[in-house]
Structures are given as C-alpha cells and as structure tokens.
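# Overview (structure and organization)
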Amino acid sequence: MKSQITNALSDFFFEYETPRQVLVRNRRVGVVCRLIQLAVLAYIIGWVFIYEKGYQTTDTAVSSVFTKMKGVGYTNVNGEERVWDVADYVFPPQGDSSFVVMTNYIITEGQRMGKCPELHSKHNCSSDADCEGGSFKRTGHGKMTGVCLNDSRSCEVLAWCPVENDHNIPNPPLLMSAENYTLFIKNSVTFPLFGVTRSNLVEGVDSGYIRKCLHDPEEAPLCPIFKLGDIVKLSGFNFEEIAREGGAIGIVVDWTCNFDVDVKHCKPKYNFHGLYGNPAVKDEAKASYGYNFRFAKHYLEDKIQKRTLLKVFGIRIDIIVQSLARKFDIIPTLTAIGSGVGIFGVATVVCDLVLLYLLPKREFYKNMKFKYTESHIQQDPDSEAGSTETNVSKK
C-alpha cells in the first residue's frame, strides 16, 4: 500500500504530459469535426458579435424626467357647472415622473367634526350593545360612541360628518373631457462612461415644432407631447372603462444607442403598457380593482373648521426610462475572440471521444494517440516511434 502511494505521488510530481498530433483519415470523424467547428464559428459570428455585439462595451444612463399636463375639464352635476384646470386634476402638481390624472370622483361637501350615524352598510345595530364605545372598525369612518341610533339602525360615530357614501361610482365618468388633455414629457439622459448627454428634444424638435406637433408612432414618433386618450389607446385600454374606476399606465422611454456612429442618431423611442385597470380581469382581482385615493380641502366657515372630501378615481402614469449605450472597446473584443477560440476545443473533445470509445478500431487509435516513455531508456525518438508503430501494426 505504501509503495502504491509512493508511486502515485512520484508519477504525479515527476511525469509530464504533452499533446501528440495524430492525423486520422476517417471521413465520418472528419465531417463531425468540421460541422462542430462550423457551428462554433456561426455562434461566434452570429450570436456573440452580431446579435450580442460582444465587441462593444456598454453603459446605462443617469436620467431625469419632467412632466407637464395641459387641458381644461368641465362637469355639470345636478345643474352645478364647474371647470377643472391642471391644479385641480393632477396629483402631485410638481411635474414628477409618476402622477395621477383625475377622471372621476365622489365628492362629500361640508364635512365637520362631530357625531353622526355610521354608513348603514358598515355597522348595523339593533341595540347599544352592538356598538362598542371607544372602539374603531377598520372599514369605519370614526370612533364609535356606544350609541345605536334607532332611526338609521346604525352605530353613532365621532367623525367628519356627514360620513362619505362611496357605494355608487358615477357612470359614465364625470371627467370624460380628460381624454383631450395633453402631456408634455421632457427627459434628459447622461451616459457617464462615454461622457454623452442627450435630451428627448433632439435635433429638429424645437419650440416651433412642439407648438404644433402631437405624438403619433408613425407620423410624429419624436414629438414629446401626448394626448391622454392616445396614451390609453396605445396601452390597450378603453378610455371610458379605465376612467370610471382608475388604473395605471406605464410609458417607457427607451434609449438604445450605438456610439460607434454619430451621436445624433441616439434618439428615444416611446412604448406604452397597460399595467392595471382592465375590466376584463376584474373577476380575477375582486379584492382590489382600479386606482383611487382620497383628498381633502380644509376651510373655515363661521370659525368652524370644515372640509370638502374627494374620492379621486384616476389614471396613474409612470414614466420609466430604460437605457443601454454601446461603443467599440478592444478589451471585450479580445475577450470574445479568446472565448470563441477556446470553444473550438469542443470539436477536438467530441472527435476524441468518437475515436477512442465508439469506432471499431478504437484500440488502434488509442495506441496511436498515447505513447509512454521511460526516462532511463536512451533511444532515438524516431526509431522508438517506428518500433512502436510496427508493433501496433503487427497486432
């Protein structure tokens, strides 16, 4: 056992292997080898260099987005006419990359802090015992006083009164005129690795062009002004349906640039995606459908604090900037070439497996491929090779 371990260690430390070139005249093996090499070459040229552009280095952009809505809405509810401008229907008003445009609402006017009956469907009661004083219900509007009001058969609460009744959502939406609002997007990107800064107001998009253009994927793809109705349509939604209960739309500004050509060819592309708010999936998501939030406007009337509560249904717009810039670089080019050359070795491995383990003359090929020498035998290499091949042929 000890001698075996010693021999193994001796073989490991004091033996050296070197490749031996053997020319094999076999059509099947030759065809397999060339087909594999051809496939590897096609992979390197087609996939690595043409499709993946492995000869270029990449960088992503640091971006900034500014937005501005324009348009005026009009409602006539129960004979009360009202005009809605940007300050009324855009939340928040700062021009962020994510904002909401109000398209429908439920308004509760003249609320003041006091005691009043809870909404009938929220907490019904038959006696004071059903209304636990001092408790709060998750879906309620205030703090229960412990009193059951006989006339409404509901618990009395300390809250903003009268409480909101949001069971009936206006249909059709009150602000259908929002379809004609326009959205202006101003986006700038910087690729720090390449030191390039671009804006979506590219060459040819000046103040004169902006005043008269409206975005169209075919006719005016670079125009940064979008009609809200067109945004909804391009995202795959119906405006009236999404306006009633709200939803969300993503606008993707895509900067895919190749800086091996002139920088002026680096231009944005706009894509529109409906994120949620499709009535077709309402049955699959009954727990939460649409998009809404509440907004209150406080004021004083006869030194009493009051508020007007709005439950806002709207279209949430998220502007997402995605970017990828490429430029030639010698380092990734050499890396791609080196890895490709290494993959060529697959052909050798496969052909060796075929020769040594699958062909009928595999023993012959093994003797031709592998040769063993002893350091204490001094013999002319040519004569040794000849004697080995002679012995093999005799077998």
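As shown above, the structure is provided for reference.
Just so you know, these numbers come straight off a predicted model, no measurement behind them.

## Section: a nonpolar patch on the surface
A cluster of nonpolar residues, Met-1, Ile-5, Leu-9, Phe-12, Phe-13 and Phe-14, forms a patch on the protein surface that exposes about 800 Å² of accessible area. Checked against the element boundaries, Phe-14 lands in helix 1 (residues 2-14). Judged by its relative accessible area of 70%, Phe-14 is exposed.

## What about unusual backbone geometry?
For the bond running from Cys-161 to Pro-162, omega is -5°, close enough to zero to count as cis. Here the amide bond leading from Asn-171 into Pro-172 is cis, since omega sits at 5°, within 30 degrees of zero. Residue placement: Pro-172 occurs in the loop between strand 8 (154-161) and strand 9 (182-191). The phi torsion at Arg-153 lies on the positive side, around 55°, for a residue other than glycine. A relative accessible area of 31% means that Arg-153 is categorised as partly exposed. Phi is positive for Lys-303, close to 65°, though the residue is something other than glycine. If you trace the backbone, Lys-303 turns up in the loop between strand 14 (292-301) and strand 15 (304-328).

## Examining the pairing of strand 3 (residues 73-77)
Here 5 bridges tie strand 3 to strand 4 (residues 80-84), and the two strands are oriented antiparallel to one another. Bridge assignment links Tyr-74 to a residue of strand 4, and that residue is Val-83. Taking the residues that link successive antiparallel strands as the turn, the strand 3-strand 4 hairpin has 2 residues, and the phi of Asn-78 there is positive, at about 55°.

## Thoughts on helix 8 (residues 345-358)
Spanning 14 residues, helix 8 covers 19 Å between terminal C-alpha atoms, matching the ideal 20 Å at 1.5 Å per step. Regarding helix 8, the residues found buried are Ala-347, Cys-351, Leu-355 and Leu-356. Viewed end-on, helix 8 has its buried residues packed into an arc of 140°, placing them on one side of the element. In helix 8, the exposed positions angled more than 90 degrees off the buried face are occupied by Tyr-357 and Leu-358. Residues of helix 8 that are buried make contact with helix 2 (27-51), helix 7 (330-343) and helix 9 (362-369).

## What to know about the state of the cysteines
As enumerated under the stated definition, the model contains 5 disulfides in all. Disulfide pairing is shown between Cys-116 and Cys-161; the S-S distance is 2.0 Å. Looking down the S-S bond of the Cys-116 and Cys-161 bridge, the torsion is -80°, so its handedness is left-handed. Of this pair, Cys-116 sits in strand 6 (residues 98-117) while Cys-161 sits in strand 8, placing them 45 residues apart in sequence. Overall, Cys-116 belongs to the buried group, its relative accessible area being 10%. Under the relative-accessibility criterion, Cys-161 is labelled buried at 10%. Two residues, Cys-125 and Cys-148, share a disulfide whose sulfurs are 2.0 Å apart. The disulfide joining Cys-125 to Cys-148 has a torsion of about 90° about its S-S bond and is therefore right-handed. One end of the pair, Cys-125, is in the loop between strand 6 and strand 7 (143-149); the other, Cys-148, is in strand 7, and 23 residues separate them in sequence. Residue Cys-148 is classed as buried on the basis of its relative accessible area of 7%. Ordering the disulfide-forming cysteines of the protein chain by sequence position, one finds them joined as 1-6, 2-4, 3-5, 7-8, 9-10.

Definitions and limits used
Residues numbered from 1 in each chain as written. Predicted model: local features only at pLDDT ≥ 70, side-chain atom pairs only at ≥ 80, totals over all residues. Heavy atoms only, no water. Patch = residues over 30% accessible without salt bridge, like charges linked within 9 Å, V, L, I, M, F, W, Y side chains within 5 Å. Areas by Shrake-Rupley, 256 points an atom, 1.4 Å probe, with all protein chains shown as cover. Salt bridge = Lys/Arg side-chain N within 4 Å of Asp/Glu carboxyl O. Helix = DSSP H or I, 4+ residues; strand = E, 2+ residues; numbered from the N terminus. Buried < 20%, exposed > 50% of the residue type's maximum accessible area, 1.4 Å probe, protein only. Pairing = 2+ DSSP bridges. Expected span 1.5 Å × (residues − 1). Arc of directions from axis to C-beta. Contact = heavy atoms within 4.5 Å. Disulfide = S-S within 2.5 Å.

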